[in-house]
Amino acid sequence: MLSEKIKLAGVANDSIVDGPGLRYTLFTQGCPHGCEGCQNPQTHDFCGGRESNINEALNQITSNKLLDGVTFSGGEPFCQARALYRLGLQVKGLGLSLITYTGYTYEELCENADNKNCYRELLSVTDYLVDGRFDIGKKDYRLRFKGSSNQRVIDVRRSMAAGRAIEAAL
């Protein structure tokens, strides 16, 4: 399973802007949203990027003993939910926190989750979900860990237990 492929636009080995603490950030390749003003437009093309695998990412993560957590960003991570779920299981096994960014809302992911797309599974290993499409009209540099005011930081565990989105402050 650790040889499962992931299509990546890149990684940041020691990010402080993709969640609290020192984080390893994986930028997935491919995004269907096309948000105007996206900060990562190079990640949109599904044919771009490079192919990697879970084991390669896991080796990079475990080699940095200073990490507080891992962030899945994009592109759109839920376009590769199965592979990221499997990597997320390993991340959680290391005792690290996991944040996933998505252009979908929490409600859209829950409503469209099925046995094939692994949305539920990726949510199950995600601690916090930054959800919603970037809206250039609501862009605000003062926001922490999100780009526009319509986006939310969701406490996924509490939300799954409650059956509704519960926002969190990071």
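The present account deals with the structure reproduced in this document. Every value quoted in this text rests on a predicted model; they were computed, and no experiment measured them.

**Quick word on helix 1 (residues 54–63)**
Next, step 1: For helix 1, the full list of buried residues reads Ile54, Ala57, Leu58 and Ile61. Along the axis of helix 1, the buried residues cluster in a sector spanning 100°; they form a single face.
Next, step 2: Its buried side turned inward, helix 1 meets strand 1 (5–15), strand 2 (23–28), strand 3 (50–53), strand 4 (69–73) and helix 2 (81–93).

**Focus on the nonpolar core**
Next, step 1: Formed by 32 residues in total, the largest nonpolar core has its most connected members in Phe78 and Leu87.
Next, step 2: Of all elements in the fold, only strand 1, strand 2, helix 1, strand 4, helix 2, helix 3 (106–112) and helix 4 (119–125) reach the threshold of two or more residues within this core.
Next, step 3: The leading source of residues in this core is helix 2, at five residues.
Next, step 4: With residues near it in sequence (within four places) discarded, Leu87 still touches Ile6, Leu26, Ile54, Ala57, Leu58, Ile61 and Phe72.
Next, step 5: With five residues, the next largest nonpolar core counts Ile99, Tyr101, Val130 and Val153 among its residues.

**Looking at unusual backbone geometry**
Next, step 1: With an omega dihedral of 5°, the bond running from Gly74 to Gly75 counts as a cis peptide bond.
Next, step 2: With respect to the helices and strands, the residue Gly75 is situated in the loop between strand 4 and helix 2.
Next, step 3: Residues other than glycine seldom take positive phi values, yet Cys118 does so here, at roughly 65°.
Next, step 4: For Cys118, the location among the structural elements is in the loop between helix 3 and helix 4.

**Some remarks on the packing of aromatic side chains**
Next, step 1: Per the counting criterion, the structure on display carries two aromatic pairs.
Next, step 2: With centroids separated by 5.6 Å and ring planes inclined at 90°, the aromatic side chains of Phe78 and Tyr119 adopt a geometry described as edge-to-face. Of this pair, Phe78 sits in the loop between strand 4 and helix 2 while Tyr119 sits in helix 4; the two residues are 41 residues apart in sequence, bridging distant segments of the chain.
Next, step 3: Judged by its relative accessible area of 3%, Phe78 is buried.
Next, step 4: Given the relative accessible area of 14%, Tyr119 is considered buried.
Next, step 5: Every member of this aromatic cluster is reached through a ring pair, and the members are Phe78, Tyr104 and Tyr119.

Reading guide: rules and limits
- Here the residue numbering is sequential within each chain, running from 1 through the sequence in written order.
- In keeping with the model being predicted, local features are shown solely for residues with a pLDDT of at least 70 and side-chain atom pairs are shown and tallied solely at 80 or more, while totals for entire chains, interfaces and linings include all residues.
- Water and hydrogen atoms were dropped before computing side-chain values, which therefore reflect all heavy atoms in the structure.
- Only protein chains enter the area calculation, which uses a 1.4 Å probe; residues under 20% of their type maximum are buried, those over 50% are exposed, and those in between are partly exposed.
- Strands are runs of DSSP state E lasting at least 2 residues, helices are runs of H or I lasting at least 4, and numbering of each runs from the N terminus.
- Summarising the geometry, the arc corresponds to the directions from the helix axis toward the C-beta atoms.
- Contact criterion: two residues are considered in contact whenever any of their non-hydrogen atoms come within 4.5 Å of each other.
- By nonpolar core is meant a set of buried Ala, Val, Leu, Ile, Met, Phe, Trp, Tyr and Cys residues that side-chain atoms within 4.5 Å join together.
- Put simply, two rings from Phe, Tyr or Trp (the six-membered ring, in Trp's case) pair if the centres are within 6.5 Å, and we call them stacked under 30 degrees between planes, edge-to-face over 60, tilted for the rest.

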